[in-house]
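Summary of structural features
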Amino acid sequence: MGSDRIAVVFPGQGSQRPGMGKDFYEALHVARMTYEEASDVLGFDVAEMCFGEDERLNLTEYTQPCILTTEIAMLRSIQTMYEFEPVVFAGHSLGEFTALVAAGVLPFGRAVEIVNIRGRLMQSATPVGFGAMTAVIADSIVEEELEALISDLPIDIANINSTRQVVVSGKADFMPQAEERIKSAMGSRGVRLVRLNVSAPFHSRFMRVIADDFASVLKDKDEGWDVSRAGLVASNYTGNFHLGGKQELIKALTLQLGHPVRWRDNMMTMAKAAHRIYEIGPGRPLRDFFKTEGVECQSIVSIATAEKAMQAVH
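Residues numbered from 1 in each chain as written. Predicted model: local features only at pLDDT ≥ 70, side-chain atom pairs only at ≥ 80, totals over all residues. Heavy atoms only, no water.

Buried residues dominate strand E7 (residues 276–280), accounting for four of its five residues. Sheet analysis places strand E1 (residues 6–10) next to E7, joined by four bridges and oriented parallel. Along E7, the bridge assignment pairs Ile6 with Arg276. For E7 and strand E8 (residues 298–300), the ladder comprises three bridges, and the chain directions are parallel. In the strand pairing of E8, Glu279 is matched with Ser299. One crossover worth recording links E7 to the parallel E8 by way of helix H12 (residues 285–292), and it is right-handed. (Buried < 20%, exposed > 50% of the residue type's maximum accessible area, 1.4 Å probe, protein only. Helix = DSSP H or I, 4+ residues; strand = E, 2+ residues; numbered from the N terminus. Pairing = 2+ DSSP bridges. Right-handed = clockwise from strand over helix to strand, strands pointing away.)

Here we take up the environment of Arg164. Topologically, Arg164 is positioned in the loop between strand E4 (155–162) and strand E5 (165–171). Separated by 135 residues in sequence, Arg164 and His29 place their C-alpha atoms 41 Å apart.

So, on to the layout of surface pockets. In this model, the largest pocket occupies a volume close to 860 Å³. Forming the boundary of the largest pocket are 38 residues, of which Gln13, Gly14, Leu196, Asn197 and Val198 lie nearest the centre. Taken together, the elements giving at least two residues each to the lining of the largest pocket come down to helix H4 (60–81), helix H6 (108–124), strand E3 (131–137), E4, E5 and H12. Looking at which element gives the most residues to the lining of the largest pocket, the answer is H6, with five residues. A breakdown of the residues in the lining of the largest pocket according to their chemical character gives 16 nonpolar, 19 polar and three charged. (1 Å grid on protein atoms, 1.4 Å probe; cavity = no way out; pocket = protein on both sides within 12 Å on 5 of 7 lines; lining within 4 Å. Points joined across faces, edges and corners; volume = space filled by probe spheres on them. Nonpolar A, V, L, I, M, F, W, Y, C, P; charged D, E, K, R; others polar.)

Our next topic: the pairing of strand E2 (residues 88–91). Where burial is concerned, the two faces of E2 agree: the one with Val88 and Ala90 and the one with Phe89 and Gly91 are both buried. Examined bridge by bridge, E1 and E2 share four bridges and lie parallel to one another. Counterpart to Val8 in the pairing with E2 is Phe89.

Okay, here's the thing in structure tokens:
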């Protein structure tokens, strides 16, 4: 493992915030061009939505392309400012698509189109108010134990974020019952339950209704893909690097919708493959997950934090 082996990871939905990426946009031409390219593809001003107080920023179909655009604008800016050449990539849920762009697998414009439709499909999978998601936070969470507690409920494990956090997702009417069981079983380990502010039960069985439609979108928008580089990107679905050709990639990205994000496995995959790990995005949710696993990850959320991170290396 050489000292020059850099991994980059990208957060997903929930990391958005008004003003995200604005300092990069104002300082670097490459960032402005990135936002403009996304705007041309989507037909609305992405920079204006990211930098203002537009409430649509929190609507899934807008959130997803806005985050992806911001993360790629940030990455391109950092690569312009510094000698920064990552060799492996990962991203949490939506962030996996940013990782595929960063690795050169998906063209940026295509990815923006894809995640815009992905967000629309995910929102349409269930009626408003149908779903809920809860983060389970405790010491040494065992996936199988948690799964057994909710196995007879319409609730699934959605994100395996670390040994200390797993997110469950499913039908809102049954979430209090699931939470009560988890409290009773894991109370002695100081369990905390945090209901997430989401609009649908992401990464649960209820997302599988859109799988065929999303697979069709991916097949329809596969022009310019370079799947030979997919092995540089960790798969949320398997936890390991992507393998195989285009059909295998489409299958993994489709299955990701209705199955757990195996982020803990992704982190271990990055830690084995790289000497330094950077989180690039509008927020820094992934850094603490790495810390839980005893792995250092530096977060870059602004030009100032990018300068600090690069100075620490040089």
